[in-house]
Amino acid sequence: MTVSLRRQRVRDATLRELISVSRGILTNQGAEALTIRAVAREMGMTPPGVYRYFDSHRTLLDAVVVAVLEELTEHIVSAVDHVDAADTAGRLIAASRALRNWAVEHGTEFHLSWFMSSPDEGASVGRARRQVGRLFADVFSGVWRDYGPALLPPEQPSPATERPARRLLEQLETELPSPSAAVAFTRCWLRLYGMVSVESLGLTRAIGDDAGELFEAELADLARTLGLPATALSTGW
């Protein structure tokens, strides 16, 4: 192994550890506790040593957020990949439950990674956030292909619903087959994401829903709205 390759591997390992330590501070102590000095102390480094890897507090924070969102994306992809590609309804149900399960288990990280933003956050954070929405849009596209035409009567999008749907797809940098598909996806995504956000905050547990039954009821209603077979709800459950 050459000296340069050995140094790069050491640097990569240190970078991963810095992100891991920073994530631990962020999760356990909150965003205000995540400072270059705190990370240096946990790592047994000097602050200037940390600055060799991250030139500012913002770039450090961005790296943690990206790592969290990449983990979430991989978790959802893994769940979807366990379902036959032909079972588009089952893949959507699996993706939805994977999002919910990860968010509930990582509530603090889920909220910090989605809602902690500032004008100077890096482009990498936006890309990481978009990849989650794009993943759902891709799965939904298959569902719409298989089940959308059978919806009776097909929903005709109004300007009031079509504009935000078009804007969402622009933000995600993706496309869907038709304006009707875009509106249906937007409404489903907002309902799903809203329910997951509420549950990850612990608000449903505070009213006695410890097993995610309210989420399952919402998911079942979404499945009916899309005309999915009842058997799809048995996926990964």
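How each quantity is defined
- Residues numbered from 1 in each chain as written.
- Predicted model: local features only at pLDDT ≥ 70, side-chain atom pairs only at ≥ 80, totals over all residues.
- Heavy atoms only, no water.
- Core = buried A, V, L, I, M, F, W, Y, C linked by side-chain atoms within 4.5 Å.
- Buried < 20%, exposed > 50% of the residue type's maximum accessible area, 1.4 Å probe, protein only.
- Contact = heavy atoms within 4.5 Å.
- Patch = residues over 30% accessible without salt bridge, like charges linked within 9 Å, V, L, I, M, F, W, Y side chains within 5 Å.
- Areas by Shrake-Rupley, 256 points an atom, 1.4 Å probe, with all protein chains shown as cover.
- Salt bridge = Lys/Arg side-chain N within 4 Å of Asp/Glu carboxyl O.
- Helix = DSSP H or I, 4+ residues; strand = E, 2+ residues; numbered from the N terminus.

Engineer: An account of the nonpolar core is requested, with residue identities and associated values reported.
Structural biologist: A general trend in soluble globular proteins is that nonpolar side chains are found buried together. The biggest cluster of nonpolar side chains holds 70 residues, and the ones touching the most others in it are I76 and F185. Not counting residues within four places of it along the chain, the set of residues in contact with F185 comprises G133, F136, A137, F140, L168, L169, L172 and L176.

Engineer: Before we move on, can you summarise a nonpolar patch on the surface with the specific residues and values?
Structural biologist: On the surface, V198, L201 and L203 cluster together into a nonpolar patch covering about 260 Å² of accessible area. Mapped onto the elements of the fold, V198 is located in helix α9 (residues 179–200).

Engineer: Give me the lowdown on the pattern of salt bridges, citing residues and values where you can.
Structural biologist: Counted according to the given criterion, the structure contains twelve salt bridges. With a closest N to O distance of 3.2 Å, D146 and R145 form a salt bridge. For D146, a relative accessible area of 35% corresponds to the partly exposed category. With its nearest N and O atoms 3.5 Å apart, the salt bridge here joins E170 to R167. Placement of the pair is E170 and R167 together in helix α8 (residues 159–172), with a separation of three residues, close to one helical turn. On the basis of relative accessibility, which here comes to 47%, the residue R167 falls in the partly exposed class. Salt bridges here are not isolated pairs; linked through shared partners, they connect R191, E218, D221 and R224.

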